[in-house]
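# Remarks on the overall topology
One letter stands for each residue in the lines below.
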Amino acid sequence: MNSTHCFLLDSLKEEPIGETVHFVWYITDVGIAALFKGNEILKTYSLNVGKEAKNLSLDISKEEKEYCEIEDKKLFIFYS
């Protein structure tokens, strides 16, 4: 496991900034993390992440998006 993954896992232990239908949202040292809540196909999550971010007043439209699987967790990381 690399140091970025360690930062992310530590951040997921903190209080989330919000929760939407498909994600639990966190602020991390790397950027904003959208942790998958269920076990649907990746395409479902990818199609919904932008809409759900807006529900929390998060503008991720100009951020880089990266999919990560760390241990048993699946998430998107958004960073500049």
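Just so you know, these numbers come straight off a predicted model, no measurement behind them. (Residues numbered from 1 in each chain as written. Predicted model: local features only at pLDDT ≥ 70, side-chain atom pairs only at ≥ 80, totals over all residues. Heavy atoms only, no water.)

## Re the nonpolar core
Proteins that are soluble and globular tend to have nonpolar side chains buried together. Applied cut-off: Residue types Ala, Val, Leu, Ile, Met, Phe, Trp, Tyr and Cys, when buried and joined through side-chain atoms within 4.5 Å, form a set referred to as a nonpolar core. Burial classification: accessible surface area is computed with a 1.4 Å probe over protein chains only, and a residue below 20% of its type maximum counts as buried, one above 50% as exposed, and the rest as partly exposed. Counting from the N terminus, the helices are DSSP H or I runs at least four residues long and the strands are E runs at least two residues long. Whether two residues are in contact is decided by their heavy atoms: any pair within 4.5 Å suffices.
With 12 residues, the main nonpolar core is built from F23, W25, I32, A34, F36, Y45, V49, A53, L58, I60, F76 and F78. Of all elements in the fold, only β2 (23–27), β3 (32–36), α2 (42–55) and β5 (73–79) reach the threshold of two or more residues within this core. Once residues lying within four places of it in the same chain are set aside, the contact partners of I32 are W25, Y26, I27, L58, F76, I77 and F78. In this structure, L8, Y26, L75 and I77 belong to the second largest nonpolar core, which totals 11 residues.

## Remarks on the pattern of salt bridges
The criterion, for reference: Whenever a carboxyl oxygen of Asp or Glu lies within 4 Å of a side-chain nitrogen of Lys or Arg, that contact is scored as a salt bridge.
Using the criterion set out here, one finds three salt bridges in the structure. Two residues, D10 and K13, come together in a salt bridge whose shortest N-O distance is 3.7 Å. On the basis of relative accessibility, which here comes to 42%, the residue D10 falls in the partly exposed class. Residue classification places K13 among the exposed residues on the basis of a relative accessible area of 67%. With a closest N to O distance of 3.4 Å, D72 and K73 form a salt bridge.

## Structural notes on α2
What counts, and what does not: Expected helix span is computed as 1.5 Å times (number of residues minus one). Note that bend, as reported per residue, equals the angle between axes fitted to the 7 residues terminating at that residue and the 7 residues originating from it.
Helix length check: α2 (14 residues) gives 20 Å between terminal C-alpha atoms against 20 Å at 1.5 Å per residue, within 8%. At V49, α2 shows its strongest bend, of approximately 40°. If you check which residues of α2 are buried, you get Y45, N48, V49, E52 and A53. A positive backbone phi angle near 60° is found at S57, which sits one or two residues after α2.

## Let's talk about the state of the cysteines
To be explicit about the condition: To count as a disulfide, a pair of cysteine sulfur atoms needs to be within 2.5 Å.
All chains considered together, the criterion is met by zero disulfides. C68 provides the cysteine sulfur closest to C6, a residue in no disulfide bond, and the two sulfurs are 13 Å apart. According to the relative accessible area criterion, C6 is partly exposed, its value standing at 37%.

## A look at the packing of aromatic side chains
Keep this limit in mind: Only Phe, Tyr and Trp rings are paired, with Trp represented by its six-membered ring, and only when their centres lie within 6.5 Å; those with planes under 30 degrees apart are stacked, over 60 edge-to-face, the remainder tilted. Criterion for a charge above a ring: Arg CZ or Lys NZ at most 6 Å from the ring centre, at most 35 degrees from the ring normal.
All told, the structure shown has 10 aromatic pairs when counted by the stated rule. Their ring planes at 45° and their centres at 6.3 Å tell us that F23 and F76 sit as a pair that is tilted. Taken as a pair, F23 in strand β2 and F76 in strand β5 lie far apart in primary sequence, 53 residues in all. The buried category is assigned to F23, whose relative accessible area is 0%. A relative accessible area of 3% places F76 in the buried class. Measuring from centroid to centroid gives 4.0 Å for F36 and Y45, while their planes differ by 20°, and the two rings are stacked. With a relative accessible area of 0%, Y45 lands in the buried category. Taken together, the ring pairs in this structure connect F23, W25, F36, Y45, Y67, F76 and F78 into an aromatic cluster. Here the guanidinium or amino end of K65 rests over the ring plane of F76, the centre of that ring lying 4.7 Å away.

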